[in-house]
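# Understanding the architecture of this molecule
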Amino acid sequence: MELVTEAEGAVGVIGQRREVARHCAWCGRRLPDHGRIGRPRRYCAQPCRQRAYERRAAVQRGGLPEDAVVLSSTELADLQDRLFQLRCAAEDIMTAAEDGAGGEELRGLAAGMVDAARGLERLR
Ligand SMILES: [Zn+2]
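Report follows, based on the coordinates. Values in this document were obtained by computation on a predicted structure and should not be read as measured data.

## So, the overall build of the protein
- A tally of helices and strands in the protein yields four helices and zero strands.
- Counting from the amino terminus, the protein carries its helices and strands in the arrangement α-α-α-α.
- The buried share among the 124 residues of the protein stands at 11%.

## Some thoughts on helix α4 (residues 103-119)
- In a regular helix each residue adds 1.5 Å, so 17 residues correspond to 24 Å; α4 covers 24 Å between its end C-alpha atoms and thus fits that length.
- Three or more residues of α4 are buried, namely Leu 109, Gly 112, Met 113, Asp 115 and Ala 116. Seen end-on, α4 carries its buried residues on one side only, within an arc spanning 155 degrees. For α4, the exposed residues set more than 90 degrees away from the buried face come down to Gly 103, Glu 104 and Arg 107.

## Regarding the nonpolar core
- Counting five residues, the largest nonpolar core is built from Leu 86, Ala 89, Leu 109, Met 113 and Ala 116.
- Here this core takes three residues from α4, the largest share from any one element.

## Remarks on the packing of helix α3 (residues 73-98) against α4
- It is at 9 Å that the axes of α3 and α4 come closest, and there the two elements cross at 165 degrees. Taken together, the axes of α3 and α4 are roughly antiparallel relative to one another. For the pair α3 and α4, the crossing hand works out as left-handed. The residues of α4 that touch α3, namely those facing Arg 82, Gln 85, Leu 86, Ala 89, Ala 90, Asp 92, Ile 93, Ala 96 and Ala 97, are Glu 105, Leu 106, Leu 109, Ala 110, Gly 112, Met 113, Ala 116, Ala 117 and Gly 119.
- Split by residue class, the contact of α3 with α4 holds 12 nonpolar, three polar and three charged.

Definitions and limits used
Residues numbered from 1 in each chain as written. Predicted model: local features only at pLDDT ≥ 70, side-chain atom pairs only at ≥ 80, totals over all residues. Helix = DSSP H or I, 4+ residues; strand = E, 2+ residues; numbered from the N terminus. Buried ≥ 20, exposed ≤ 12 C-beta atoms within 10 Å, placed from the backbone. Expected span 1.5 Å × (residues − 1). Arc of directions from axis to C-beta. Core = buried A, V, L, I, M, F, W, Y, C linked by C-beta atoms within 7 Å. Axes fitted to C-alpha atoms, helices over the stretch in contact; angles between N-to-C directions. Parallel < 35°, antiparallel > 145°, perpendicular 65-115°, else oblique. Left-handed = near helix turned anticlockwise from the far one by under 90°. Contact = placed C-beta atoms within 7 Å. Nonpolar A, V, L, I, M, F, W, Y, C, P; charged D, E, K, R; others polar.

Right under this line is the structure:
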């Protein structure tokens, strides 16, 4: 059983940005923002679509190597969201430092980044 704790203040730091980034379901690259028309694309390019297809076929055959890590698309999206939060937390520290923030403020922002990094220790 996993116990997850959240330090106070971290949510406020991380929650300042609410952008929703979409990523290629195979390689994880950011996908360009799509228009409102049609279904949003899942892959950045044809080779990614092909490799994803091959992976699905391998999973169905049970032919994956023993150390393969298979994430569902939901798990991957969740992981990428948490990576994005970590980057935002790091950028917040960078911005604050460039703006001449004091040690107390930087310490608070760093605490938020530690929490974001801790959230990344789980893969799913
Ligand atoms: Zn891709």
